[in-house]
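Examination of the molecular architecture
As a plain string of letters, each chain reads:
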Amino acid sequence: AFATGAVIQPLVGASLYLSSDPETKTAGAAVLQTMIVQSTYVFLLKGITGRPDPVTDGKLENADPKGTACGNSFDPEVFFDITNGCSWPSGHTSSAVSLVSTLYAFYPEKEWIAYIGYPVAMGIGLGMVDRDEHWASEIVAGALIGHVIGWTIGKNFRVDYNQLHSDHSPKKHFIAPKLSDNGKIGIDYTYKY
């Protein structure tokens, strides 16, 4: 769960973005934008809230305020311990849920994305609780943040894609990231008349 939550979003986003199909490429761009926005929010919230991890196995001998990357505590109500805490919300859960939400909002007709993706994402979150990396409330917060960001970006990318490929679109200007055949990154500007 730990490694999967950290790497699946960029791998899926990059894989989709490298597709030659414009719709799949757009879905990949949505996932990558979600990753940037979601990870920025989570990083800032972790720094602001300063919540320590739970103590491993709940044992007194494992208690060490600086024993983990975020410190640890027996008290789930400790917040704003800026020097020892960086655990709220769960970035792994937020990343996994935002990936699923982005793809499901972009492909709403593909219900299997939700049926498979959300349980897997929550499995990642529950694995973080089981490993004493997070309190349960951090998983809930990460899931909610990930869903809102992912759903919003996925839905907006779907609307833009549909308008770009519609003969009746009122929208005329489109800007999107572009990866050339030789690996250079640029911007694609499309004007529809």
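Scroll up to find the structure this text is about.
Residues numbered from 1 in each chain as written. Predicted model: local features only at pLDDT ≥ 70, side-chain atom pairs only at ≥ 80, totals over all residues. Heavy atoms only, no water.

Comments concerning the packing of aromatic side chains
For clarity, the threshold we go by: Planes of paired rings set the category: under 30 degrees apart is stacked, over 60 is edge-to-face and the rest tilted, where pairs are Phe, Tyr or Trp rings (Trp by its six-membered ring) whose centres lie within 6.5 Å. Throughout this description, buried means an accessible area under 20% of the type-specific maximum (1.4 Å probe, protein chains only), exposed means over 50%, and partly exposed covers the range between. Criterion for a charge above a ring: Arg CZ or Lys NZ at most 6 Å from the ring centre, at most 35 degrees from the ring normal.
In the structure shown here, the tally under the stated rule is three aromatic pairs. When the centroid spacing of 4.9 Å and the interplanar angle of 90 degrees are considered together, the rings of Phe 106 and Tyr 107 count as edge-to-face. Judged by its relative accessible area of 0%, Phe 106 falls in the buried class. Classification of Tyr 107 as buried rests on a relative accessible area of 8%. Taken together, the aromatic side chains of Phe 106, Tyr 107 and Tyr 161 make up a single cluster linked through ring pairs. Here Lys 25 stacks its cationic end above the ring of Tyr 17, 4.6 Å away from the centre of that ring. Just above the ring of Phe 106 sits the side chain of Arg 158; from NZ or CZ to the centre is 4.1 Å.

Brief notes about the environment of Ile 48
Going by this rule: By the criteria applied, helices consist of DSSP H or I runs no shorter than four residues and strands consist of E runs no shorter than two, each listed in order from the N terminus.
Along the chain, the position of Ile 48 falls in helix H2 (residues 22–49). With 40 residues separating them in the primary sequence, Ile 48 and Trp 88 have C-alpha atoms 9.0 Å apart.

Here's the deal with the environment of Arg 158
Keep this limit in mind: Contact between two residues is taken to exist if any of their heavy atoms lie within 4.5 Å; hydrogens are not considered. Nitrogen and oxygen atoms within 3.5 Å of one another constitute a polar contact, given that in protein one can donate a hydrogen and the other can accept it, and given that sequence-neighbouring residues count only through two side-chain atoms.
When you line up the elements, Arg 158 lands in helix H5 (residues 136–164). Spatially, the C-alpha atom of Arg 158 lies 5.0 Å from that of Phe 106, the residues being 52 residues apart in sequence. The contact partners of Arg 158, leaving out residues within four places of it in the chain, are Glu 23, Ala 105, Phe 106 and Tyr 107. One polar contact links Arg 158 to Glu 23, side chain to side chain, over a distance of 2.5 Å.

A closer look at the nonpolar core
Where we set the bar: Among buried residues, the Ala, Val, Leu, Ile, Met, Phe, Trp, Tyr and Cys ones that are joined through side-chain atoms within 4.5 Å form a nonpolar core.
Membership of the largest hydrophobic core comes to 24 residues, with the highest contact counts inside it found for Ala 27, Leu 103, Phe 106, Ile 113 and Phe 157. If you list the elements that add at least two residues to this core, you get helix H1 (2–17), H2, helix H3 (91–106), helix H4 (112–130) and H5. A total of seven residues in this core trace back to one element, the largest contributor, which is H3.

Side note on H2
Rules: To estimate how far a helix should reach, multiply one less than its number of residues by 1.5 Å.
The first and last C-alpha atoms of H2 sit 40 Å apart over 28 residues, in line with the 40 Å expected at 1.5 Å per residue. When H2 is considered as a whole, its buried residues turn out to be Thr 24, Thr 26, Ala 27, Gly 28, Ala 29, Ala 30, Val 31, Thr 34, Gln 38, Val 42, Lys 46 and Thr 49.

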